[in-house]
There are 2 protein chains.
Amino acid sequence: MFEHTSRHNNNDETVLPIPSNNETSYFDESWTEDDLKQIIRKMNLKVTPQRILILQTLHEGRVHITAQELYEKVQKINSDVGFATVYRFLKGMAESRVVTELRMGSMPTRYELTPKKHHDHMTCTACGKIVEFQNKNIEDHQEKVAKQYGFKLTHHVLELYGICTSCQMKK
Amino acid sequence: MFEHTSRHNNNDETVLPIPSNNETSYFDESWTEDDLKQIIRKMNLKVTPQRILILQTLHEGRVHITAQELYEKVQKINSDVGFATVYRFLKGMAESRVVTELRMGSMPTRYELTPKKHHDHMTCTACGKIVEFQNKNIEDHQEKVAKQYGFKLTHHVLELYGICTSCQMKK
DNA sequence: TTCTAATTGAAAATGATTATCATTACTAGT
DNA sequence: ACTAGTAATGATAATCATTTTCAATTAGAA
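The notes below deal with the structure included here. None of these values were measured; they are calculated from a predicted model. (Residues numbered from 1 in each chain as written. Chains lettered and ligands numbered in written order. Predicted model: local features only at pLDDT ≥ 70, side-chain atom pairs only at ≥ 80, totals over all residues. Heavy atoms only, no water.)

1. As for the relation of the copies chain B and chain A
Then, number 1: Least-squares fitting of chain B to chain A yields an RMSD of 2.5 Å, with the transformation described by 0.5 Å of translation along the axis and a rotation of 177°. One copy is carried onto the other by what is essentially a two-fold rotation axis. Residue B:Leu158 of chain B places its C-alpha closer to the rotation axis than any other residue of that unit, at 2.5 Å.
Then, number 2: By residue overlap, the copies meet face to face through one surface: 95% of the interface positions of chain B are interface positions in chain A. (Least-squares fit on C-alpha atoms with pLDDT ≥ 70 in both. Contact = heavy atoms within 4.5 Å.)

2. Some words on the environment of B:Ser96
Then, number 1: Relative to the helices and strands, B:Ser96 resides in the loop between α5 (83–95) and β2 (99–102).
Then, number 2: With 54 residues separating them along the chain, B:Ser96 and B:Lys42 place their C-alpha atoms 9.0 Å apart. (Helix = DSSP H or I, 4+ residues; strand = E, 2+ residues; numbered from the N terminus.)

3. Observations regarding the nonpolar core
Then, number 1: In this structure, A:Met122, A:Phe133, B:Met122 and B:Phe151 are the most contacted members of the largest nonpolar core, which totals 29 residues.
Then, number 2: In contact with B:Phe151, not counting residues within four places along its chain, are A:Met122, A:Thr123, A:Cys124, A:Val131, A:Gly162, A:Ile163, A:Cys164, A:Gln168 and B:Ala146. (Core = buried A, V, L, I, M, F, W, Y, C linked by side-chain atoms within 4.5 Å. Buried < 20%, exposed > 50% of the residue type's maximum accessible area, 1.4 Å probe, protein only.)

4. Here we look at the interface of chain B and chain A
Then, number 1: Each partner contributes residues to the interface: chain B has 37 residues there, and chain A has 37 residues.
Then, number 2: Roughly 3200 Å² of surface becomes buried between chain B and chain A when both sides are summed, with 66% attributable to carbon and sulfur atoms.
Then, number 3: The interface formed by chain B and chain A includes 0 salt bridges.
Then, number 4: On the surface where chain B and chain A come into contact, there are 14 residue pairs in polar contact (both at pLDDT 80 or more).
Then, number 5: At the level of secondary structure, the elements contributing two or more residues to the side of chain B that touches chain A comprise β4 (120–124), β5 (130–133), α6 (136–149), β6 (152–163) and α7 (165–170) of chain B.
Then, number 6: Among the elements that line the side of chain B that touches chain A, the one with the most residues is β6(B), at 12 residues.
Then, number 7: Among the residues making up the side of chain B that touches chain A, the classes are represented as 17 nonpolar, 16 polar and 4 charged.
Then, number 8: As paired strands, strand β7 (residues 152–163) of chain A and β6(B) are joined by 11 bridges and run antiparallel to one another. Counterpart to A:Ile163 in the pairing with β6(B) is B:Lys152. (Buried area = accessible area lost by both parts, 1.4 Å probe. Salt bridge = Lys/Arg side-chain N within 4 Å of Asp/Glu carboxyl O. Polar contact = N/O pair within 3.5 Å; in protein donor to acceptor, adjacent residues only side chain to side chain. Nonpolar A, V, L, I, M, F, W, Y, C, P; charged D, E, K, R; others polar. Pairing = 2+ DSSP bridges.)

5. What to know about the protein's contact with DNA strand C
Then, number 1: Within the structure, DNA strand C sits among 19 residues, and A:Thr48, A:Asp80, A:Val81, A:Thr85 and B:Thr109 are positioned closest to it.
Then, number 2: In this structure, a phosphate oxygen belonging to DNA strand C sits 3.0 Å away from a main-chain N or O atom of A:Lys46.
Then, number 3: Between a phosphate oxygen of DNA strand C and a side-chain N or O atom of A:Thr48, the distance comes to 2.6 Å.
Then, number 4: Elements with a contribution of two residues or more to the surface near DNA strand C: α2 (49–60) and α4 (83–95) of chain A together with α5 of chain B. (Near = heavy atom within 4 Å.)

Here it is in structure tokens:
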């Protein structure tokens, strides 16, 4: 399939319907249990074994993951974690901007630990593949538009949709 | 949460997530029955009274409408139209790009007749005001990114979020 | 340790969307 | 205009992700 070791690599791709498990985290550093606890406390939430496990699994696992996938992964490690807890925690983390929700088309919501460096997504509507990209020119022009209307930008959502190379050839 | 504080209806601008009902169509021209039929035929769909009614109601009604709202509106005119038909037809029209799906946050999908001149949205996170804008430079750079990864773009979603002038002055 | 509110898991509920299927009705070809 | 063939329809059930409920458990402050 394809290699992906870091999000700094321009070639990193994510395949959605049949997720490739060789994706690694955006974050090279490993998190100690204390790191995990601190992150949870910063959200004004209590530290529980479930939350530690969920956050750890999220950090170590694939970049774009659904709540369901994360639940199944966590289940294998500790079957005492219910999916309601996974959903609840993910939602809480999204509110605290610790994770970012990705709603691509009508596919189930995917989550990623909010990356330090901003990037946008381009999705293949045929196979669900996601390509991440950064483009300073686009960002610059967005700022120009904002200035033109007197807005002070806080964030943005840019999602490109199209057909990837291999799907173009298939049909 | 933003969901509960963004419903200020400033003026005649679009306000989310519960848009004002005095919104008018993008399209000034009225469509004759023949116009409607032609549009449907162009989608390779058969002309039926239901589809004519749905399309007509969509054209005459508010800009951003949910499938449910459209169904209820159509029901009042002809109760022989089922909501499955409304959903199916909207989905078909979305596929043919006759309408555009708008997924704002986690609210139900809203539909708009695809405007001839493409535009994107810039939303004030304080008051919910929406500004529509066009920027060819951004579009061009999007194409460049797509080309770079071998994608053939079909569409995109660009939403800018920030604070508008008046909200900046308020504090 | 004790207390209390936060958290949990299982299950049920919700809400939007999609599929099923018997019936109806467009429309191309005669 | 007539028919055959197939697309479209509406009522209903099914699906799917997500949210809520609630009784039992647990974290963490006092």
